[in-house]
Amino acid sequence: MNTAPTPQPSGRATAGRAMPGPEILAAFEAAKGFMPLREGLALYAAAVEAGALGLPLLEVGTYCGRSTILLADAARAAGTTAVTVDHHRGSEEQQPGWEYHDPSVVDPEVGRMDTLPSFRRTLYRSGLEDQVIAVVGRSPEVARVWGTGLGLVFIDGGHTDEHAGGDYEGWAPHVADGGLLVIHDVFPDPADGGRAPYRVFLRALASGAFTEVSVTDSLRVLRRTAPGI
């Protein structure tokens with residue numbers, strides 16, 4: 001896992017960048033998930049900035065709520081809401097026999113992954129339940145019935161072209177003017193990881209609708225600067 005300097009306990013800003021408080025950092029690090037701290041801090045800073053628009057902050061790909069904690073804390077500070085969308089059956093690489101499979105989140109009764117109970121425990125322990133709307137469903141279907149502009153969309157769901165592309169097509173249109181699109185697991189080098197999020201990132205740039213704001217390891221932050229996707 002990547003490491004970062006120990007954050008200062010201000011709860012809001014260190015060296016010009018918004019930082020979560022120590023209790024939120026502790027909850028983030030205790031939660032089950034894959035996001036490294038450096039990338040988590042970059043996501044948090046983006047969420048705090050986007051919160052100034054007064055619109056909901058949405059992520060695709062909840063898993064057990066590790067990144068949700070950061071979005072929820074930023075939403076609480078801004079007086080808005082974090083929304084997290086997931087079917088909670090696990091993405092491709094989390095299924096049995098794959099690298100990221102975790103048998104502890106398999107429902108023994110039905111024999112399938114179910115990360116929803118772990119996610120709910122994460123939110124309860126973090127004290128952030130009231131800041132989060134959890135939507136259980138498949139991303140494209142939820143996006144089709146979504147009718148509200150978003151200050152931030154964080155794409156961190158399935159890593160196939162079908163799923164990553166579907167997340168982009170479904171949710172990028174809802175990013176408000178000046179809002180942020182954040183994409184995780186962007187690896188320009190094929191040796192480092194899957195290519196679908198990278199292709200989505202390139203597509204966003206090529207659209208002319210989004211401009212890159214920052215890069216932190218595999219996390220890319222883009223701002224909507226024009227209509228379209």
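These figures come from a predicted structure and were not determined experimentally.

A short note on the overall build of the chain
Helices and strands together make up the secondary structure of the chain, namely 7 helices and 11 strands. For the chain, buried positions account for 50% of its 229 residues. Looking at the chain alone, contacts between residues at least 24 apart form 69% of all its contacts between residues at least 6 apart.

A look at the side chain of S126
Within the fold, S126 resides in helix α4 (residues 116–126). Polar contacts involving the side chain of S126 include one to the main-chain carbonyl oxygen of L123, which spans 2.9 Å. Each residue touching S126, except ones within four places of it in the same chain, is listed here: A27 and I69.

Notes on empty space enclosed by the protein
Inspection of the entire model under this criterion finds 1 cavity of 30 Å³ or more. Estimated volume of the largest cavity: approximately 30 Å³. When its residues are assigned to classes, the lining of the largest cavity shows 4 nonpolar, 4 polar and 1 charged.

With respect to the sheet that holds strand β3 (residues 57–60)
If you walk across this open sheet you meet the 7 strands as β7-β4-β3-β8-β9-β11-β10, and the pairing is mixed. Both outer strands of the open sheet, β7 (132–136) and β10 (210–216), are each paired with one neighbouring strand and no more. Averaged over all pairs of adjacent strands, the angle between strand axes in this sheet comes to 20°, irrespective of strand direction. Two strands pair when backbone bridges link them, and β3 and strand β8 (residues 150–155) are joined in this way by 4 bridges, in the parallel orientation.

Structural notes on the environment of H163
Looking at the element boundaries, H163 is found in helix α6 (residues 161–171). Note on H163: relative accessible area 32%, which makes it partly exposed. Distance from H163 to A196, taken between C-alpha atoms, is 8.5 Å for residues 33 residues apart in sequence. Only 3.1 Å separates the side chain of H163 from the side chain of T160, close enough to count as a polar contact.

Rules used in this analysis
- Residues numbered from 1 in each chain as written.
- Predicted model: local features only at pLDDT ≥ 70, side-chain atom pairs only at ≥ 80, totals over all residues.
- Heavy atoms only, no water.
- Helix = DSSP H or I, 4+ residues; strand = E, 2+ residues; numbered from the N terminus.
- Buried < 20%, exposed > 50% of the residue type's maximum accessible area, 1.4 Å probe, protein only.
- Contact = heavy atoms within 4.5 Å.
- Polar contact = N/O pair within 3.5 Å; in protein donor to acceptor, adjacent residues only side chain to side chain.
- 1 Å grid on protein atoms, 1.4 Å probe; cavity = no way out; pocket = protein on both sides within 12 Å on 5 of 7 lines; lining within 4 Å.
- Points joined across faces, edges and corners; volume = space filled by probe spheres on them.
- Nonpolar A, V, L, I, M, F, W, Y, C, P; charged D, E, K, R; others polar.
- Pairing = 2+ DSSP bridges.
- Axes fitted to C-alpha atoms, helices over the stretch in contact; angles between N-to-C directions.

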